[in-house]
Every structure is written in C-alpha cells, then in structure tokens.
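Notes for the structure review
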Amino acid sequence: MYKNQLTIEMPKRLALGREDFMVNECNKEAVDFIDSFYKGKMKSGVLIGPKGSGKSHLVNVFCKNVEREKWIISPKIDENIYKIFKKNEIIIIEDIDILTSKDEEEYLFNIINLSKELNKILLLTSGVELSMLKIETLDLRSRLDSMQSVKILEPNDDLVSALILKLFHDRQILIKPNIIQYLMNRVERTYSGISEIIDLIDGAALSKKKSISVSLIKELLE
C-alpha cells in the first residue's frame, strides 16, 4: 500500500480552510488576532511570521471570515489606488518585508493613510519583525509601528510532529509513526526547514521508486 502511493506522483491537497490550520501555543495568538483585529476602533493589523508558518493560510481564513464584504489582495504598487478603496472595504498586502523600491514604500504608506482616513480594514503580512524591515521612508516606519501586530512563533515539538504528518498527508502519503519520530530527532525546528526536508524525502522516494522508510531518510541526510 505504501509503495504504490509513494511511487505515483500525486497532486498536493489544497488545505487552506480553518479546520486545516493546526492551532497550538505557537500560533494561537495569531489565529485570535485574525478573528478580531478589525472589530475595534483600529481596523489595521500586521501578521508576522517566518516563511512557511501559515500566514497566507490565515489570510485565507480571514477572507472567509469577511466573505460578505468586498476585499482585495493588492499588489505592492497600483496606480489605481483610489479605485481600490472605492470598490473594496478590505485591503490586504502580503510580504511587506520584500518591498523592492521607494515607489512601493510610498504606495504602502498611502495605503495605510487612506485605510485610516476612509475607515477601511487593512491587513498586512511580513516575514520578519517590523523593526527588521529595510525601509527608507521614516514616515512609513512610524505608521507601521503604530499598527496592531502579532507574531507566529517557530514550531515547538508538538507542532513539528503535527506538521510532518500534515505535510505528508497533503501529498496523499501515509507514513508510519517511527518515521515521524526519526525525523523529530533530526529536522530543523523551523517551518521552512520542515517543508524542505519533506519535499526532499518525497522527491527521493518518487525518483528511486521506493517507499518512505527510515533507511531512505538516513541515506538522504548523511
């Protein structure tokens, strides 16, 4: 059974619903934030988390929360900024940690100002702490510092174990408990590190036409 599943490349299962997001102490504050940051007087917030931590997943959950409203995931620069605000109640900009120009900084600055002036909801995401953003526009930095923010922490042991199982499951792969334990003792404790090792193992199993086993993983890691 395992071998047949592992030697046929299966599409990854799209799992972006609330029920697919694994909540524990590393990310519970972020989940609560997504549900509530826009309900008070201040309607803007920044979701911070390392690569692979589920920021886009939580953005999807947020969009489901507010599906009755018109929302847009805006590019980092758009000449039709006023049209965006006219047509939408909610503006989302992801990955503000990879702004690449002064124009993008100015666009984000104007987005923040207009969302406040027009009482619109604004959600931003970042892969790094706001203090670590490489921003030249001082007024933009002060605007960001004044916003509500929350951070997703790197995974603890419980979440590492659950993520290993989930990432294999998303690939429609069944694995045995001893494989999870073996990886738990060796995998990097980061979201990106876990994802990379699962990709490596899956790819190797397919190319070698082997089932996933401790011996295969040991061969890859040595």
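Bear in mind that the values here come from a model prediction, so they are computed numbers and not experimental data. (Residues numbered from 1 in each chain as written. Predicted model: local features only at pLDDT ≥ 70, side-chain atom pairs only at ≥ 80, totals over all residues. Heavy atoms only, no water.)

Quick word on the layout of surface pockets
If you add up the space inside the second largest pocket, you get close to 310 Å³. Contributing to the lining of the second largest pocket are 13 residues, with M42, K43, S44, I112 and K116 lying nearest its centre. Per element, the largest residue contribution to the lining of the second largest pocket is four residues, and it comes from helix α5 (residues 102-117). Counted by class, the lining of the second largest pocket contains three nonpolar, five polar and five charged residues. (1 Å grid on protein atoms, 1.4 Å probe; cavity = no way out; pocket = protein on both sides within 12 Å on 5 of 7 lines; lining within 4 Å. Points joined across faces, edges and corners; volume = space filled by probe spheres on them. Helix = DSSP H or I, 4+ residues; strand = E, 2+ residues; numbered from the N terminus. Nonpolar A, V, L, I, M, F, W, Y, C, P; charged D, E, K, R; others polar.)

Considering the side chain of K120
Here K120 lies in the loop between α5 and β4 (121-126). Only 3.0 Å separates the side chain of K120 from the side chain of E89, close enough to count as a polar contact. Filtering out sequence-adjacent residues up to four positions away, K120 remains in contact with K43, F85, N88, E89, I91 and S115. (Polar contact = N/O pair within 3.5 Å; in protein donor to acceptor, adjacent residues only side chain to side chain. Contact = heavy atoms within 4.5 Å.)

Observations regarding the environment of G127
Residue position: G127 is located in the loop between β4 and α6 (138-145). Classification of G127 by relative accessible area gives partly exposed; the value is 26%. Note: C-alpha distance between G127 and L174 (47 residues apart in sequence) is 31 Å. Setting aside residues no more than four positions away along its own chain, G127 makes contact with G49, P50, K55 and D97. (Buried < 20%, exposed > 50% of the residue type's maximum accessible area, 1.4 Å probe, protein only.)

A look at the pattern of salt bridges
Enumeration over the complete set of coordinates arrives at eight salt bridges. Between E89 and K120 there is a salt bridge, with its nearest N and O atoms 3.0 Å apart. You can see E89 sitting in the loop between α4 (81-87) and β3 (90-93) and its partner K120 sitting in the loop between α5 and β4, a full 31 residues away along the chain. Judged by relative accessible area, E89 falls into the partly exposed class, the value being 36%. R189 is paired through a salt bridge with D157; the nearest N and O atoms lie 3.0 Å apart. Taken together, the residues span a long stretch of sequence, with R189 in the loop between α8 (177-184) and α9 (191-208) and D157 in helix α7 (residues 157-170) at a distance of 32 residues. Overall, R189 belongs to the partly exposed group, its relative accessible area being 30%. (Salt bridge = Lys/Arg side-chain N within 4 Å of Asp/Glu carboxyl O.)

Considering the environment of S161
Note on placement: S161 falls in helix α7. A relative accessible area of 28% places S161 in the partly exposed class. Sequence separation of S161 and D32 is 129 residues, and the distance between their C-alpha atoms is 23 Å. If sequence neighbours within four positions are ignored, S161 has contacts with I180 and M184.

Points about the confidence of the model for the chain
A residue-level look at the chain finds 92% of positions with pLDDT of 70 or above and a mean pLDDT of 89. Of the regions scoring below 50 in pLDDT, residues 1-11 engages in 25 contacts with residues more than four places distant in sequence or in other chains. (pLDDT = per-residue confidence, 0-100.)

Notes on the sheet that holds β3
Spatially, β2-β3-β4-β1-β5 is the arrangement adopted by the five strands of the open sheet, whose pairing is parallel. Each edge of the sheet is formed by a strand with only one pairing partner; in this case those strands are β2 (71-73) and β5 (148-151). Neighbour-to-neighbour, the strand axes of this sheet turn through a mean angle of 15 degrees, independent of strand direction. When β2 meets β3, the two strands line up parallel, connected through three bridges. (Pairing = 2+ DSSP bridges. Axes fitted to C-alpha atoms, helices over the stretch in contact; angles between N-to-C directions.)

Structural notes on a positive patch on the surface
A grouping of K70, K83, K86 and K87 is seen on the molecular surface, where their side chains present a positively charged patch. By secondary structure assignment, the location of K87 is in helix α4. (Patch = residues over 30% accessible without salt bridge, like charges linked within 9 Å, V, L, I, M, F, W, Y side chains within 5 Å. Areas by Shrake-Rupley, 256 points an atom, 1.4 Å probe, with all protein chains shown as cover. Lys, Arg positive; Asp, Glu negative; His and termini not counted. Charge placed at Lys NZ, Arg CZ, Asp CG, Glu CD.)

Remarks on the nonpolar core
Counting residues in hydrophobic clusters, the biggest one holds 43 residues, and the most contacted among them are F62, I164, F168 and L183. Elements supplying a minimum of two residues to this core: α2 (28-36), α3 (55-65), β3, β4, α7, α8, α9 and α10 (214-221). Ranked by size, the runner-up nonpolar core spans 23 residues in total, among them I48, F85, L130 and L133. (Core = buried A, V, L, I, M, F, W, Y, C linked by side-chain atoms within 4.5 Å.)

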